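A closer look at the structure
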Amino acid sequence: MDIEQCKQAEIAPLVQYVLRSIRFIVVGDQAEMNDSEGSNSNDKESYELLFIMSGTGQGKCYLQGPGRYFTIDQKISNCSYYQVRFETRGYDAASGLLPDKQELACSPFAKTMELLNELYELRRASDELELFQRFVKFQELLLFLFQQNAPAIEEKGTDTEYHGIELSIRHIHQYYRELLTVEELASLAGIDRWKYTRLFKKATGQVPLQYLNEVRINQAKKWLASADDKLLDIALNAGFNNEYYFSRRFKQTVGISPGQYRLSRKGKLRVVAPYLEDFIVALEMEPIAQYRHEKWGKQDYLGLNDIPTFEENSDNLEELSYYKPDLILLVDRYEQQQYAQCRRISNTCILREQTNNWRTLLRTVADYFGRAELADEAIANYDFKARSASQTLSHLMKGQSVAFLRISADQIIQYTEGGQAFVSTVLYGDVGLRSHSAVGVASKANRPGMFTLTVEDLRMLTADHLFITFDKWHSQEEGKERELLQKPEWRDLPAVRNNRVYEVDFLTWMNNGIISNSKKIDDILRSLA
């Protein structure tokens with residue numbers, strides 16, 4: 001079947017893009033840009049991508065094809081970078097989607113980094129499912145690049161319907177203030193009404209009126225952030241009939257009212273967000289009150305020393321009224337009566353989605369306050385930091401094992417790789433240290449990667465390095481949780497005898513935010529490097 005037959009059959013041309021390797025090179029590593037790792041650089045089917053990071057959340061992408069060599073500015077070549085090698089197989093590489101240029105567009109670069117980090121985590125995939133996952137992730141990365149670096153539409157000779165959809169999309173962006181109907185847009189595109197909506201959603205992921213509403217809301221966001229115009233004027237300029245409908249649609253889409261959004265952009269919104277302070281601070285905001293736990297204290301690592309505290313562990317949140325918040329932002333962990341208390345105090349938003357993925361949660365919180373760009377930049381900086389730390393430690397540790405223990409007066413918990421605990425995802429995931437095998441009994445809560453140890457179990461804890469933190473939850477008297485350190489079973493541990501035990505702050509390591517995770521990496525490097 002030739003390529004024309006493939007098109008007529010509505011299947012992809014027979015060109016495959018196969019990943020050979022992915023490497024992460026840190027500044028100072030002895031690796032050359034053109035080091036082929038045993039591959040033949042003259043191979044007509046061999047390609048290489050370089051993703052070069054500046055460390056500020058920005059970067060560039062370069063494509064090297066057969067017989068081509070990079071001529072990269074020395075300043076850029078002194079940065080850390082990802083090196084991705086792949087080959088083409090099948091019908092004819094020349095008929096594929098590979099751009100015919102050296103420097104490629106890859107915006108937003110934070111998204112590029114996210115795809116690369118996920119692909120890099122799968123570099124040692126061995127079983128069939130992981131190998132397939134790596135294949136799919138690589139195709140996703142290429143699609144991301146191809147979409148931004150494809151030849152112009154006119155050169156590709158796309159069909160009339162696609163041109164019609166593109167024309168209607170441009171019309172929406174130009175005339176969003178006007179009264180637009182699906183019938184009008186379909187007519188403009190030259191496509192039947194019933195077919196237009198389906199094709200529009202295929203192209204944009206939204207039906208036409210959803211897309212129009214999003215364009216209007218995004219325009220309103222810009223005016224709210226940059227001007228002091230009345231809400232009615234902003235509503236009318238954005239294409240809404242009245243202020244009430246605009247405010248309702250804005251809150252449904254963004255999560256907070258237009259007035260609250262304006263205050264948040266100016267740093268004047270009075271926010272209370274228990275368990276989410278890490279994310280608020282990361283987005284360059286400051287809560288008006290922070291939670292404090294009776295046993296665990298407050299999150300000192302955030303540096304909110306002048307911010308008053310409230311007792312979060314009580315059943316009564318009425319005391320929040322004292323701080324007169326404009327918005328109370330809550331995770332979905334409270335009782336209905338507590339939500340009712342908060343709603344009586346002020347506007348209350350609840351993050352219903354339960355996730356251990358702090359990146360997703362940070363982006364969700366950022367959307368509430370119109371700070372998506374800050375979130376993307378923060379995530380890119382964190383990923384850069386984690387990857388650099390992983391590279392540094394891989395040279396220093398040379399296969400040495402690490403264990404993490406959470407010690408209280410009543411129990412010892414070991415965190416191992418494979419779990420979703422906040423410790424494990426950084427220690428064994430982002431930083432890539434080797435986890436010491438579990439020596440206790442699986443957690444009664446059936447949480448992966450968490451094991452309960454007895455004092456007798458410590459005899460099997462032969463990890464080269466130990467990170468420990470103390471939980472005061474079960475302590476009936478001051479210092480009760482530290483009594484384990486006096487027991488002979490503890491003193492006989494190899495890590496204890498070799499002075500390789502590192503105590504870390506409890507709330508820093510038990511929290512799951514970008515700041516706490518970044519400080520975990522600092523602790524790890526300070527202890528091991």
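Please read all numbers here as calculations on a predicted model, not as lab measurements.

Before going further, it helps to examine the pairing of strand 16 (residues 465-470). With six of six residues buried, strand 16 is to be regarded as a mostly interior element. Neither face of strand 16 is open: one carries His465, Phe467 and Thr469, the other Leu466, Ile468 and Phe470, and all of them are buried. Alignment of strand 11 (residues 401-407) against strand 16, held across six bridges, turns out to be parallel. Along strand 16, the bridge assignment pairs arginine 406 with threonine 469.

Our next topic: the confidence of the model for the chain. Residues with a pLDDT of 70 or more make up 85% of the chain, whose mean pLDDT is 83. Across residues 29-42, confidence stays below pLDDT 50; counting only partners more than four residues off in sequence or on other chains, it has 31 contacts. Long-range and interchain partners of residues 153-158, a stretch whose pLDDT sits below 50, account for seven contacts in this model, where long-range means more than four residues apart.

Here the focus is the sheet that holds strand 2 (residues 46-53). The strand order 1-4-2-3-5 describes an open sheet built from five strands, whose pairing is antiparallel. Edge positions in the sheet fall to strand 1 (15-25) and strand 5 (103-104), since each has one partner strand and no second. Pairing geometry for strand 2 and strand 4 (residues 80-90), over eight bridges, is antiparallel. When the bridges of strand 4 are listed, tyrosine 47 appears paired with phenylalanine 86. Strand contacts of helix 3 (residues 109-121): strand 1, strand 2, strand 3 (59-64) and strand 4, with the helix running at about 90 degrees to strand 1, the strand carrying the most contacts.

Within the secondary structure, serine 390 sits in helix 16 (residues 372-397). We classify serine 390 as buried; its relative accessible area is 12%. Separated by 3.1 Å, the side chain of serine 390 and the backbone oxygen of valine 431 make a polar contact. Once you skip the residues sitting within four places of it in the chain, serine 390 turns out to touch Asp430 and Val431.

With that settled, the discussion passes to helix 4 (residues 128-149). In an α-helix, one full turn covers 3.6 residues, which means residues spaced three or four apart are oriented alike. Over its 22 residues, helix 4 extends 32 Å from the first C-alpha to the last, a length consistent with the 32 Å expected when each residue adds 1.5 Å. Those residues of helix 4 that are buried lie in contact with strand 1, strand 2, strand 3, strand 4, strand 5 and helix 3. The opening residue of helix 4, the one whose side-chain oxygen lies 3.1 Å from the backbone nitrogen of leucine 129, is aspartate 127.

The strand order across the open sheet formed by three strands is 6-9-10, and the pairing between neighbours is parallel. Looking at strand neighbours, the two that pair on one side only are strand 6 (271-272) and strand 10 (347-351), the edges of this open sheet. Those strands touched by helix 15 (residues 358-368) are strand 9 (327-331) and strand 10, and its axis lies near 155 degrees from that of strand 10.

Here we take up the packing of aromatic side chains. Here the distance between the centres and the angle between the planes together describe a pair of aromatic rings. Counted according to the given criterion, the structure contains 23 aromatic pairs. Look at tyrosine 322 and tyrosine 323: their rings are 5.2 Å apart centre to centre, the planes differ by 85 degrees, and that puts the pair in the edge-to-face class. With relative accessibility at 67%, the residue tyrosine 322 sits in the exposed group. Ring geometry for tyrosine 334 and tyrosine 339: centres 6.1 Å apart, planes at 80 degrees, overall edge-to-face. As far as burial versus exposure is concerned, tyrosine 334 and tyrosine 339 are alike and both buried. A network of ring pairs unites the aromatic residues Phe240, Tyr245, Phe246, Phe250 and Tyr261 as a single cluster.

Another aspect to go through is helix 21 (residues 514-528). Taking 1.5 Å as the rise per residue, helix 21 with 15 residues should run 21 Å; its terminal C-alpha atoms sit 21 Å apart, in good agreement. Listing the buried residues of helix 21 in full gives Ile514, Ile515, Ser516, Asn517, Ser518, Lys520, Ile521, Asp523, Ile524 and Leu528.

The grouping of Phe132, Phe135 and Val136 at the surface amounts to a nonpolar patch, some 300 Å² of accessible area in total. Here valine 136 lies in helix 4.

Criteria and cut-off values
- Residues numbered from 1 in each chain as written.
- Predicted model: local features only at pLDDT ≥ 70, side-chain atom pairs only at ≥ 80, totals over all residues.
- Heavy atoms only, no water.
- Buried < 20%, exposed > 50% of the residue type's maximum accessible area, 1.4 Å probe, protein only.
- Helix = DSSP H or I, 4+ residues; strand = E, 2+ residues; numbered from the N terminus.
- Pairing = 2+ DSSP bridges.
- pLDDT = per-residue confidence, 0-100.
- Contact = heavy atoms within 4.5 Å.
- Axes fitted to C-alpha atoms, helices over the stretch in contact; angles between N-to-C directions.
- Polar contact = N/O pair within 3.5 Å; in protein donor to acceptor, adjacent residues only side chain to side chain.
- Expected span 1.5 Å × (residues − 1).
- Phe/Tyr/Trp six-rings, centres within 6.5 Å; stacked < 30°, edge-to-face > 60°.
- Patch = residues over 30% accessible without salt bridge, like charges linked within 9 Å, V, L, I, M, F, W, Y side chains within 5 Å.
- Areas by Shrake-Rupley, 256 points an atom, 1.4 Å probe, with all protein chains shown as cover.
- Salt bridge = Lys/Arg side-chain N within 4 Å of Asp/Glu carboxyl O.

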